[in-house]
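Remarks on the overall topology
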Amino acid sequence: MRVVIASCSVDYSGRLDAHLPQATRLLMVKADGSVLVHSDGGSYKPLNWMSPPCRLTVAEPDDADAGQGVREVWTVQNTKSDDKLVVRIHDVVADHSVDLGVDPGLVKDGVEAHLQKLLAEQIDLLGPGHQLVRREFPTAIGPVDIMAKDSGGASVAVEIKRRGDIDGVEQLTRYLALLNRDPLLAPVQGVFAAQEIKPQARVLATDRGIRCLVLDYDAMRGLDDVDSRLF
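Residues numbered from 1 in each chain as written. Predicted model: local features only at pLDDT ≥ 70, side-chain atom pairs only at ≥ 80, totals over all residues. Heavy atoms only, no water.

Per an unreviewed UniProt entry, the chain goes by the name Endonuclease NucS and belongs to Georgenia yuyongxinii. Under Function (unreviewed entry), UniProt gives the following word-for-word description of the chain: "Cleaves both 3' and 5' ssDNA extremities of branched DNA structures." Quoted verbatim from the Sequence similarities (unreviewed entry) field of the UniProt record, the comment on the chain reads "Belongs to the NucS endonuclease family." (UniProt positions renumbered as here; feature names shortened; annotations may be inferred.)

A separate point is the nonpolar core. A157, V169, L179, F192 and I210 are the most contacted members of the largest nonpolar core, which totals 19 residues. Among the secondary structure elements, those contributing two or more residues to this core are β9 (144-149), α3 (166-179), β11 (188-197) and α4 (199-207). When residues of this core are assigned to their parent elements, the largest contribution, five residues, is made by α3. The contacts of L179, once residues within four sequence positions are left out, are F137, T139, V144, M147, A157, L185, A186 and V188. Counting 18 residues, the second largest nonpolar core, distinct from the first, contains L119, A148, A193 and Y217. (Core = buried A, V, L, I, M, F, W, Y, C linked by side-chain atoms within 4.5 Å. Buried < 20%, exposed > 50% of the residue type's maximum accessible area, 1.4 Å probe, protein only. Helix = DSSP H or I, 4+ residues; strand = E, 2+ residues; numbered from the N terminus. Contact = heavy atoms within 4.5 Å.)

Here we take up α4. Residues lying three or four places apart along an α-helix face the same way, a consequence of the helix completing one turn every 3.6 residues. Residues of α4 that are buried: A201, L204 and A205. Around the axis of α4, the buried residues are gathered within 100° of arc, so they sit on the same side. Away from the buried face of α4 by more than 90 degrees, exposed residues P199, V203, T206 and D207 are located. Buried-residue contacts for α4 involve β10 (155-164), α3, β11 and β12 (211-214). With its phi angle positive at about 75°, G209 sits one or two positions after the end of α4. (Arc of directions from axis to C-beta.)

Before going further, it helps to examine α3. Here α3 is 14 residues long and its end C-alpha atoms lie 20 Å apart, about the 20 Å a rise of 1.5 Å per residue gives. Along α3, the residues that are buried comprise G168, V169, Q171, L172, R174, Y175, L176, L178 and L179. As for α3, its buried residues are in contact with β4 (48-50), β8 (131-137), β9, β10, β11 and α4. (Expected span 1.5 Å × (residues − 1).)

A separate point is the layout of surface pockets. In this structure, the largest pocket occupies an estimated 1200 Å³ of space. Around the largest pocket, the lining is made up of 45 residues, and of these K30, D32, T139, A140 and G142 lie nearest the centre. Listing elements by their share of the lining of the largest pocket, those giving two or more residues are β3 (35-38), β4, β8, β10 and α3. Its residues assigned to classes, the lining of the largest pocket shows 22 nonpolar, nine polar and 14 charged. Domain assignment of the residues forming the lining of the largest pocket places at least three in each of domain 1 (2-97) and domain 2 (112-230). (1 Å grid on protein atoms, 1.4 Å probe; cavity = no way out; pocket = protein on both sides within 12 Å on 5 of 7 lines; lining within 4 Å. Points joined across faces, edges and corners; volume = space filled by probe spheres on them. Nonpolar A, V, L, I, M, F, W, Y, C, P; charged D, E, K, R; others polar. Domains from an automatic or database assignment.)

Below, the discussion takes up the domain arrangement of the chain. As assigned here, the chain comprises domain 1 (2-97) and domain 2 (112-230). A straight line from the C-alpha centre of domain 1 to that of domain 2 covers 32 Å. Every contact between the two is made by 13 residues of domain 1 and, on the other side, ten residues of domain 2. Of the roughly 1100 Å² buried at the junction of domain 1 and domain 2 (both faces included), carbon and sulfur atoms supply 58%. Summed over the three residues of domain 1 that lose the most area to domain 2, namely R15, Y44 and W49, the buried surface amounts to 45% of that side. Between the two partners, domain 1 and domain 2, sit zero salt bridges. Summed over the shared surface of domain 1 and domain 2, the result is four residue pairs in polar contact (both at pLDDT 80 or more). Of the residues assigned to the side of domain 1 that touches domain 2, the class counts are five nonpolar, four polar and four charged. (Buried area = accessible area lost by both parts, 1.4 Å probe. Salt bridge = Lys/Arg side-chain N within 4 Å of Asp/Glu carboxyl O. Polar contact = N/O pair within 3.5 Å; in protein donor to acceptor, adjacent residues only side chain to side chain.)

Below, the structure is given as structure tokens:
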């Protein structure tokens, strides 16, 4: 992991174009090749990023950039698309690299972890014809609980919570924004799955085109005989 604090401007081109004017920011270069640009705000959501597979090259500025005070130009090129992130560095405040080793991954609480396992085994709860791709699908900002394909072959990202609130919808929204940059996955539909989904979270999810799914934990474990219910 390389962490750089620098005065820089950032330009993204490809599926969308975006520009960040010069300011002091935190740049993270991860071992998997991903590059993330953070500010001192916005919680843990990066201002911009490039997820792997990608290649980082560092070059001297051309005359025009040098005249603007640029000392170094980072070009992060996605190797499977035309998406490109260009970081023009003016002044470096700090530059530090550390080998973090192998991360054991996120350990969820018992119920959420079990819900994820059960839904992966009962993937048809998402709808007829769905197929499991992978649990804990990796992204540059954390793993998606479940990645699946629907009956038409389209990608489906599932975020699982015990209690579904607005924070969970925001988390899934960030995953979808990142996943939909990948031409091999896009378009990616979101499913917000929980034992209980709060009304505000349901409204927000619906507004963002995210489908909500209420999970019956007992039924999924085989402890609830739905055929014997009176109501």
